[in-house]
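Listed below are the residues making up each chain.
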Amino acid sequence: MQKIIKISIPIILIFIIVVLFIGLNKDTNYNTNSLIGKKISKINLKHYNENKFYKVDDLKKNKYTLINFWASWCAPCRAEHSLLIELSKEKNLKLLGVNFKDKKRQADVFLNELGNPYDFLTKDKMGKNAVNLGVYGIPESILVDKNLTILKKFVGPLSSKDFNSIIEIIN
Amino acid sequence: MLSNLGNLLLFLNIFLSAAIIFSALKYLKISGNLIPKIIYQISTFQSTSIIICFFTLVGAFIISDFTLITVYQNSHTLKPTFYKIAGTWGNHEGSLLLWVIILIIFSFLFLVFTRKHPKEFRLVTIVIQNILIVGFLFFILFNSNPFSALSPTPSEGLGLNPILQDPALAIHPPLLYVGFVGSSIYFSAAMASLITNYSQTSFVSSIKNWVLISWCFQSLGILVGSIWAYYELGWGGFWFWDPVENASLLPWFAMTALFHSLIVFEKRGLFYFWVITLCLLTFILSVTGTFLVRSGILNSVHTFASDPARGIYILLFLTLMIFSSIFLLFKNYKKENYNLNPNSKETFILINNWFMMFYLITVFLGTIYPIFTDVLTENKISVGPPFYNMVIIPIVVIFLLVMAIGPKVKWIKERFTNLKNYLFILMGSTLINLLIIFLFKSYSILSNLIIISALFLIISSLIDAIKSYRSSKIDFSRIISHCSFGFLILFIGLNNNFSIEKDYNIKLGETKNFNNYSIKLQNLVLEDFSNYKAVIGELVINNKNTNQKNILRPEIRIYNNPQTLTYEAAIKSNVIKDYYLTMSNIDRSEYYNIKFQKKPLMIWIWISVVMIVFGGFLRLFQNAKNN
């Protein structure tokens, strides 16, 4: 028994140290930029008002889609909202809003106050879909073409620079 | 100029350490129980020169000498002098210098205060301590040199991160370092004890005060860090299970286990190897913590600009420490026969140690698990409060009960004639708990158990205090610490269950109502300060039941150097509760987002920790008096 302990303790420690050593050379920031250029294979978002789901096939019908994650409790979402309203006037682009971990009553107040730019509005109550799309904080917007390829990701509120780059891509 | 002086002093210290190691090894072979004067002299010289070295750096910060990279990166001419000084250890390089100072001064003090112990043991301890010193000095000189020069000299520095410009944070690192680094001396002593076969119970008296000192300071350091997090980070919590908080907690568990088992070793001569293991473990965990923080392997509020080379050096050093400890431990290990009676103080202290080890392993696994999943499965995850709360909190209940009973159990064998008393105390605690539920509000079963067991510990400690006061054999330090720990858990439990949190978007002049409170944004002021501008909100909180009005002024600060936005919480504390309010602006809108929290008994959480530490210091004074 003692022998086993005497051998196993150093082995466990060596294992831990080796893992720490490898870990040192890894990028610790969670980075989802690698998702750009990849295709979305699956989404399953519940409609905001109805008991229906928004799926990949629906996404294929649009020339370009901007998937925008937002919530009423998110201050920067307010900031980018006017830009979304502008974008909603574009013909080639559909806006898919995903209401993220929010209360319906408060989300309604938000949209009544600031306007509803979304062509399709869905909700992600538990934040599961967000994780699947590599979204770990909101607001975040993902620009997708009709082949379901992710063209661009905007982490944080959209800026006027982001706005211009979206206009450029879709026209 | 200062750069040269600093580098010179660092090199001098390496040389002095080498001299100490060399002469100690030389005198080890010569018989007699006296350590020659020369070693004391070198050691004194070394302590003085490293202190001068440190003040050279402090001086560079005060006069804003931007020829030093460290000063340039972490200071600014417009910064208040107090923060210029605190900036010395508010960065990686400067804080490492603080490490080395403590290593050296403790080495010197150990030499002075252990005259009663065998010469070989003392000399070997000093040798090992100086090997550690040399290791860290090399690290400083070749990787993290605070005296690296910068040319051409910039006219202005980059400034200290504003959230670090805070009185609590200015004293947080030195406190924590005395704890962290202080454990080095009993690491060295434990190694020396193994090498020189100094395993008599008198070994305890050479280290027990060092353990207590490091434990007290470690606890204070953790406390000050929590207080800072509470009012500075604006989340309203004081413990977040952040990897770095965990890193400070790991050695703390080991220290706590250590000074409890030291009692058994001193009284009964048991657990020698366990004591040694804990001595070694504490410092190893301290260095592991430093590795986790400084290498940037984990993300946290404490991550300094990360540099893998730094991490590799500390990891290498850590590996050497671990394997030399294990080698010595295994080589000298002899099986001890315990024959413990389950109803004895020894057993209860051993149980305390098991709890500490359980907490230690839980927190350790939670902290390094993300690294493992990342390396082995490429998954990025983070282990958050739910894990710790779920694993640790239920166990606290039993821990508190054992903590209440343990100290009164006799050595060797206890007959437990007073079970009836405990039953009464338990009934009393349950009654008080029911009263709280009845008067205020009910909470979960687990919260009930926690509060009952905390009350159980408090009441038994108090009864114990009264009884032993009569027989005039009172152990104040233990009773104060244990009782305060009971209060700590009680206050945390009540605070958790009775806190209110509300979140609103509000504009000037608007009033929001909730429960029996109303909150109004009455005024907004823009003010200019020397190193920042601030938007100050004036919010009136009205308690409709008592018609008591409080004005809170949260701030949004815009710092100039470096330009940063921070949100300052407004806190109103009194004996019963804290009001806690943060405000943030919403871009392109007249609305402000406010988060209001009512947190009962906050101040008592801090006071409990201070009292726990006070117990530790009291024991220290008793020990000093008895010597």
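Residues numbered from 1 in each chain as written. Chains lettered and ligands numbered in written order. Predicted model: local features only at pLDDT ≥ 70, side-chain atom pairs only at ≥ 80, totals over all residues.

A word on the overall build of chain B
Move 1: Looking only at helices and strands, chain B features 17 helices and ten strands.
Move 2: For 627 residues, the compact-globule formula gives about 25 Å, and the C-alpha radius of gyration of chain B, at 27 Å, lands near that figure.
Move 3: Of all 627 residues assigned to chain B, the portion counted as buried reaches 44%.
Move 4: Contacts spanning at least 24 positions in sequence make up 74% of the contacts within chain B whose residues lie at least 6 apart. (Helix = DSSP H or I, 4+ residues; strand = E, 2+ residues; numbered from the N terminus. Rg over C-alpha atoms; globule rule 2.2 N^0.38 Å. Buried ≥ 20, exposed ≤ 12 C-beta atoms within 10 Å, placed from the backbone. Contact = placed C-beta atoms within 7 Å.)

Concerning the domain arrangement of chain B
Quite often, the size of an interface is put as the accessible area lost when its parts meet.
Move 1: On domain assignment, one finds that chain B holds domain 1 (1-160) and domain 2 (501-603).
Move 2: Its C-alpha centre places domain 1 of chain B at a distance of 45 Å from the equivalent point of domain 2 of chain B. (Domains from an automatic or database assignment.)

So, unusual backbone geometry
Residues and elements named next belong to chain B.
Move 1: Positive phi, normally seen in glycine, also occurs at phenylalanine 271, with a value near 65°.
Move 2: Mapped onto the elements, phenylalanine 271 comes out in the loop between helix H9 (243-268) and helix H10 (272-294).
Move 3: What makes phenylalanine 271 buried here is the crowd of 22 C-beta atoms within 10 Å.
Move 4: In this structure, asparagine 515 is a non-glycine residue whose phi angle is positive, near 35°.

As for the sheet that holds strand E4 (residues 93-100) of chain A
All names here are of chain A.
Move 1: Reading across from one edge, E2-E1-E5-E4-E3-E6-E7 is the order of the seven strands in this open sheet, with mixed pairing throughout. Bordering the open sheet on either side are strand E2 (53-55) and strand E7 (150-155), each of which pairs with just one other strand. Averaged over neighbouring strand pairs, the angle between their axes works out to 30° when direction is ignored. (Pairing = 2+ DSSP bridges. Axes fitted to C-alpha atoms, helices over the stretch in contact; angles between N-to-C directions.)

A closer look at the nonpolar core
Move 1: Membership of the largest hydrophobic core comes to 153 residues, with the highest contact counts inside it found for B:Val100, B:Leu103, B:Val211, B:Ala254, B:Leu258 and B:Cys279.
Move 2: Tallying contributions element by element places helix H8 (residues 203-232) of chain B first for this core, with 17 residues.
Move 3: Other than its neighbours up to four places away in sequence, B:Ala254 contacts B:Leu278, B:Leu281, B:Thr282, B:Leu285 and B:Leu360.
Move 4: Core analysis: the next-biggest nonpolar cluster, separate from the first, contains 28 residues, A:Leu59, A:Cys77, A:Ala130 and A:Ile166 among them. (Core = buried A, V, L, I, M, F, W, Y, C linked by C-beta atoms within 7 Å.)

A look at the packing of helix H2 (residues 37-62) of chain B against helix H5 (residues 92-113) of chain B
Residue and element names in this part refer to chain B.
Move 1: Two elements in contact, H2 and H5, have axes separated by 9 Å at closest approach and are oriented at 155°. Here H2 is positioned roughly antiparallel relative to H5, judged by the angle of their axes. Crossing of H2 over H5 shows left-handed handedness. Residues Tyr40, Ser43, Thr44, Gln46, Ser47, Ile50, Ile51, Phe54 and Leu57 of H2 lie in contact with H5, whose contacting residues are Gly94, Leu97, Val100, Ile101, Ile104, Ile105, Ser107, Phe108 and Leu111. (Parallel < 35°, antiparallel > 145°, perpendicular 65-115°, else oblique. Left-handed = near helix turned anticlockwise from the far one by under 90°.)

Quick notes on the interface of chain A and chain B
Move 1: Contact residues are listed per partner, giving 21 residues for chain A and 25 residues for chain B.
Move 2: Listed by contribution, the elements that provide at least two residues to the side of chain A that touches chain B are helix H1 (2-24) and helix H3 (75-87) of chain A.
Move 3: For the side of chain A that touches chain B, the element with the highest residue contribution is H1(A), accounting for eleven residues.
Move 4: Looking at the side of chain A that touches chain B residue by residue, the classes come out as 14 nonpolar, four polar and three charged. (Nonpolar A, V, L, I, M, F, W, Y, C, P; charged D, E, K, R; others polar.)

Observations regarding the pairing of strand E6 (residues 555-559) of chain B
Residues and elements named next belong to chain B.
Move 1: Bridge analysis of strand E4 (residues 532-543) against E6 gives five bridges, and the strand direction is antiparallel. Note that in E6 the partner of isoleucine 536 across the bridge is glutamate 555.
Move 2: As judged from the five bridges shared by E6 and strand E7 (residues 564-568), these two strands associate in the antiparallel manner. Along E7, the bridge assignment pairs tyrosine 559 with threonine 564.

Digging into the pairing of E4(B)
Residue and element names in this part refer to chain B.
Move 1: The sheet contact formed by strand E3 (residues 517-528) and E4 spans eleven bridges and is antiparallel. Looking at the pairing, isoleucine 519 lines up with isoleucine 541 of E4.
Move 2: Here E3 folds back onto E4 in antiparallel fashion, the turn holding three residues.
Move 3: Across five bridges, the pairing between E4 and strand E5 (residues 548-552) is antiparallel.

Comments concerning the sheet that holds strand E8 (residues 570-573) of chain B
Residue and element names in this part refer to chain B.
Move 1: Within the open sheet, the four strands sit side by side as E1-E10-E9-E8. Their pairing is antiparallel. Edge positions in the open sheet fall to strand E1 (500-506) and E8, since each of these has one partner strand only. Between one strand and the next, the sheet's axes are offset by a mean angle of 15°, whatever the strand orientation.
Move 2: In the sheet, E1 pairs with strand E10 (residues 592-600) via seven bridges, with the strands oriented antiparallel. Bridging from a neighbouring strand, isoleucine 506 pairs with tyrosine 592 of E10.

Overview of helix H12 (residues 345-377) of chain B
Residues and elements named next belong to chain B.
Move 1: Compared with the 48 Å implied by 1.5 Å per residue over 33 residues, the 46 Å span of H12 between its first and last C-alpha is a close match.
Move 2: If you look at H12, its biggest bend is around 40°, right at isoleucine 368, and the proline proline 370 turns up within four residues after that.
Move 3: Glutamate 378 occupies a position one or two residues after H12 and carries a positive phi of about 65°. (Expected span 1.5 Å × (residues − 1). Bend = angle between axes of the 7 residues up to and from the residue.)

Here we look at the environment of B:Phe203
All names here are of chain B.
Move 1: Examined against the element boundaries, phenylalanine 203 turns out to sit in helix H8.
Move 2: Linking phenylalanine 203 and tyrosine 272, residues 69 residues apart in sequence, is a C-alpha distance of 9.7 Å.
Move 3: For phenylalanine 203, the contacting residues outside a window of four places in its chain are Ser193 and Tyr198.

A short note on the confidence of the model for chain B
All names here are of chain B.
Move 1: Across chain B, the average pLDDT comes to 88, with 97% of residues at 70 or higher.
Move 2: Across chain B, element-level confidence peaks in H2 with a mean pLDDT of 95 and bottoms out in E7 with 79.
Move 3: Model confidence for the complex: the whole-complex pTM is 0.82, and ipTM, which rates the interface, is 0.78. (pLDDT = per-residue confidence, 0-100.)

A look at H10(B)
Because an α-helix packs 3.6 residues into every turn, residues spaced three or four apart end up facing the same way.
All names here are of chain B.
Move 1: For H10, which comprises 23 residues, the first-to-last C-alpha distance of 33 Å matches the rise-based estimate of 33 Å (1.5 Å per residue) to within 8%.
Move 2: Counting buried positions along H10 yields 20 of 23 residues, so the element is predominantly enclosed.
Move 3: Glycine 296 sits one or two residues past H10 and shows a positive phi near 75°.

Focus: the confidence of the model for chain A
Move 1: Confidence in the prediction for chain A averages 83 pLDDT; 95% of positions are at 70 or higher.
Move 2: Per-element mean pLDDT across chain A ranges from 73 in helix H5 (residues 128-132) of chain A up to 91 in strand E3 (residues 64-70) of chain A.

Examining the environment of B:Gly6
Residues and elements named next belong to chain B.
Move 1: Looking at where glycine 6 falls in the secondary structure, it is placed in helix H1 (residues 2-28).
Move 2: Taking the C-alpha atoms as reference, glycine 6 lies 8.4 Å from proline 146; in sequence the two are 140 residues apart.
Move 3: Beyond its immediate chain neighbours, meaning those up to four positions away, glycine 6 contacts Cys53, Thr56, Leu57, Pro146 and Phe147.

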